[in-house]
Amino acid sequence: QVQLVESGGGLVQAGGSLRLSCAASGGVFSRLGMSWVRQAPGKEREFVAGISWRGDSTYYADSVKGRFTISRDNAKSAVYLQMNSLKPEDTAVYYCASRYGFATMSATSYDYWGQGTQVTVSS
């Protein structure tokens, strides 16, 4: 069983930056495809960014491309999401999610989830 714990959320003004972290335990991290998924109030979960188990392939939703960067450190069993030029529409609970094998751009394809961290962007 894989356990995921997110941190780094908070309140930021539009145009600002935040860095989310996700610490993994209980699995073989170097074999996990990892992603960040967000859910805004009243909306379905939305894929944000994904990274392959080796870190050599990354994937982004069009809405965050060029502003967000996903990365991972297999030695630390951690994945990160650097968020720049934040917009009010980025406000959501951000979840770290994982699956063995390939990372995908489908939020429903992930098997393991963290508890989420709130990101609020004020205008």
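Structure's up top.
Before going into details, it helps to say that this report is about the structure given with it.

Calculation notes
- Residues numbered from 1 in each chain as written.
- Predicted model: local features only at pLDDT ≥ 70, side-chain atom pairs only at ≥ 80, totals over all residues.
- Heavy atoms only, no water.
- Helix = DSSP H or I, 4+ residues; strand = E, 2+ residues; numbered from the N terminus.
- Rg over C-alpha atoms; globule rule 2.2 N^0.38 Å.
- Contact = heavy atoms within 4.5 Å.
- Areas by Shrake-Rupley, 256 points an atom, 1.4 Å probe, with all protein chains shown as cover.
- Lys, Arg positive; Asp, Glu negative; His and termini not counted.
- Charge placed at Lys NZ, Arg CZ, Asp CG, Glu CD.
- Salt bridge = Lys/Arg side-chain N within 4 Å of Asp/Glu carboxyl O.
- Buried < 20%, exposed > 50% of the residue type's maximum accessible area, 1.4 Å probe, protein only.
- Phe/Tyr/Trp six-rings, centres within 6.5 Å; stacked < 30°, edge-to-face > 60°.
- Lys NZ or Arg CZ within 6 Å of the ring centre and 35° of its normal.

A word on the overall build of the protein. When helices and strands are counted, the protein shows 0 helices and 11 strands. In the protein, the succession of α and β elements from N to C terminus is β-β-β-β-β-β-β-β-β-β-β. Its C-alpha atoms give the protein a radius of gyration of 13 Å, within 12% of the compact-globule value 14 Å for 123 residues. A principal-axis box enclosing the C-alpha atoms of the protein has dimensions of 40 × 25 × 25 Å. The long-range fraction of contacts in the protein, counting pairs at least 24 apart against all pairs at least 6 apart in sequence, stands at 58%. With an accessible surface of roughly 6,100 Å², the protein has 49% of that area assigned to carbon and sulfur atoms. Side-chain charges of the protein comprise 12 positive and 9 negative groups, with the mean position of each set lying 4 Å from the other.

The next thing to look at is the pattern of salt bridges. Scanning the model with the defined rule gives 5 salt bridges in all. Between Glu46 and Arg38 there is a salt bridge, with the nearest N and O atoms lying 2.8 Å from each other. Accessibility expressed as a relative area gives 6% for Arg38, which makes it buried. One network of salt bridges, in which partners are shared, links Arg38, Glu46, Arg67 and Asp90.

In this section: the packing of aromatic side chains. All chains considered together, the criterion is met by 2 aromatic pairs. With a centroid separation of 6.2 Å and 80° between ring planes, the pair formed by Tyr95 and Trp113 is classed as edge-to-face. Separated by 18 residues along the polypeptide, Tyr95 in strand β9 (residues 92-100) and Trp113 in strand β10 (residues 112-113) bring together distant segments of the chain. For Trp113, a relative accessible area of 27% gives the class partly exposed. Seen from their ring centres, Tyr100 and Tyr112 are 6.3 Å apart, and the 85° between their planes marks the pair as edge-to-face. Of this pair, Tyr100 sits in strand β9 while Tyr112 sits in strand β10, and the two are 12 residues apart along the sequence. A residue is classified by how much of its surface remains accessible, and Tyr112, at 19% relative accessible area, is buried. Directly above the aromatic system of Trp53 lies the positively charged group of Arg31, at a separation of 4.4 Å from the ring centroid.

Positive phi values are uncommon outside glycine, yet Ser77 reaches one of about 50°. For Ser77, the position within the fold is in the loop between β7 (68-73) and β8 (78-83). Of note, Ser85 is a non-glycine position whose phi angle comes to about 50°, a positive value. Counting through the fold element by element, Ser85 comes out in the loop between β8 and β9.

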